[in-house]
Amino acid sequence: MEPYVYPKGPVIGYGFDINGYFEVVFYEGMNVTDSQINEIYNVISKRASEVSIKEAPVVFGKSDFIQDEVSGYDSYYRPIIGAIKVTGETGACGTIGYAAQTGSGTKGYVTVQHLGTYVGYDMYQPTSDAAGSVSKISGHYADACFVPYSNVAAKIHVGSGVTKNVNSYVSSAHLIHGVVGEYICLGLPQA
């Protein structure tokens, strides 16, 4: 998808939607030709066929860039908590999903793999302060990566600088890296 991603191309977002379709979002401020749509569909279709999916269901749409509406999201946080801005070494930004701990006790956090694309990829929070390096990626099983980082807390940012404590855990989730078996704990925010 790289040749089609903004600013080189019109794509500002892509991934699976809640209904199981692969969704491609074009920037509404750019003209998109039928030829570009066909090229992008062919890229997706080729990758889908590599994992035995025939006739990949793809939805194309247009949107503007998402604006930060929740104040505090892009502030500096230590300890690191869930639902705050993290920046990868290339300058791409995303959101920390949650603080986590592996079955062997290594603390860190989980974010999307399409931000932390390979093992060793450096992360920063919010933009230039070191926040660890990716140690596990999920491959094509999920869109997740694990970043070891000792200064994390079981909290989630909910907006305007307000955080909520995590009060319970599920220990049966897996962050898959080729094989099943790397356990992590998922936090649930207080109601």
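All of these numbers come straight from a predicted model, not from anything done at the bench.

1. Thoughts on the overall build of the protein chain
Scanning the protein chain from N- to C-terminus turns up one helix and 15 strands. Considering only residue pairs separated by 6 or more positions, the protein chain has 50% of its internal contacts joining residues 24 or more positions apart. Carbon together with sulfur atoms contributes 52% to the accessible area of the protein chain, which is approximately 11,000 Å² in total.

2. Some thoughts on the side chain of K85
Within the fold, K85 resides in strand β5 (residues 85–88). No salt bridge is formed by the buried K85; its nearest oppositely charged neighbour, D74, is found at 5.0 Å. Not counting the four nearest positions on each side in its chain, K85 is found in contact with Y73, D74, C93, G94, Q125, P126 and T127.

3. Thoughts on the pattern of salt bridges
Tallied over the full model, the rule gives two salt bridges. Two residues, E2 and K8, come together in a salt bridge whose shortest N-O distance is 4.0 Å. The class of K8 is exposed, set by a relative accessible area of 64%. As a salt-bridge pair, R47 and E50 come within 3.1 Å of each other at their nearest N and O atoms. Here E50 and R47 lie together in helix α1 (residues 34–50), a separation of three residues that amounts to about one turn. The exposure class of R47 is partly exposed, given its relative accessible area of 42%.

4. Focus: the sheet that holds strand β2 (residues 22–27)
Spatially, β1-β2-β3 is the arrangement adopted by the three strands of the open sheet, whose pairing is mixed. Two strands lie at the open edges of the sheet, namely β1 (11–16) and β3 (58–63), each paired on one side alone. With direction set aside, neighbouring strand axes in the sheet form an average angle of 20 degrees. Note that β2 and β3 share six bridges and pair parallel.

5. Points about the nonpolar core
By size, the foremost hydrophobic cluster in this structure holds 19 residues, and its most contacted members are I80, Y109, M123 and V134. Leaving out residues up to four positions away in the same chain, I80 has contacts with I96, Y109, Q125, A131, Y149, N151, V152 and A153. Judged by nonpolar contacts, the second largest core, of 12 residues, contains I40, A48, A56 and V58.

6. Some thoughts on the pairing of strand β7 (residues 98–101)
Where β7 lies against strand β8 (residues 107–111), four bridges are found, and the strand directions are antiparallel. Bridged to Y98 within β8 is V110. In sequence, β7 turns back onto β8 through a hairpin of five residues, with G105 there showing a positive phi of about 100 degrees.

7. Here's the deal with unusual backbone geometry
Residue P7 is bonded to the preceding Y6 through a cis peptide linkage, with omega at 10 degrees. Secondary-structure assignment places P7 in the segment before β1. The omega torsion of the bond from R78 to P79 falls at 5 degrees, within 30 degrees of zero and hence cis. Inspection of the secondary structure assignment puts P79 in the loop between β3 and β4 (80–82). Despite not being glycine, S52 has its phi angle at roughly 65 degrees, a positive value. Exposure remark for S52: the relative accessible area of 68% places this residue in the exposed category. Positive phi outside glycine occurs at E55, with the angle close to 50 degrees.

Rules and cut-offs
- Along each chain, residue indices are assigned from 1 in the same order as the chain's sequence is written.
- Under the rules for a predicted model, residues below a pLDDT of 70 receive no local features and side-chain atom pairs below 80 are neither given nor counted, while totals for whole chains, interfaces and linings still include all residues.
- Only hydrogens and water are set aside when side-chain values are computed; all heavy atoms of the structure are taken into account.
- The numbering of helices and of strands both runs from the N terminus, where a helix is a DSSP run of H or I of at least 4 residues and a strand a run of E of at least 2.
- Note on contacts: a residue pair qualifies if any of its non-hydrogen atoms lie within 4.5 Å across the two residues.
- Note on areas: these come from Shrake-Rupley sampling with a 1.4 Å probe, and a residue is covered only by the protein chains present in the view.
- For each residue, the accessible area found with a 1.4 Å probe, counting protein chains only, is set against the maximum for its type, and the residue is called buried under 20%, exposed over 50%, and partly exposed in between.
- Just so you know, the count uses Lys and Arg for positive and Asp and Glu for negative, and it drops His and the chain ends.
- We define a salt bridge as a side-chain nitrogen of Lys or Arg found within 4 Å of a carboxyl oxygen belonging to Asp or Glu.
- Any two strands are treated as partners once DSSP identifies two or more bridges connecting them.
- Where helices are involved, their axes are fitted lines through C-alpha atoms of the stretch in contact, as for all axes, and angles between N-to-C directions lie from 0 to 180°.
- Among buried residues, those of type Ala, Val, Leu, Ile, Met, Phe, Trp, Tyr and Cys that are joined through side-chain atoms within 4.5 Å constitute a nonpolar core.

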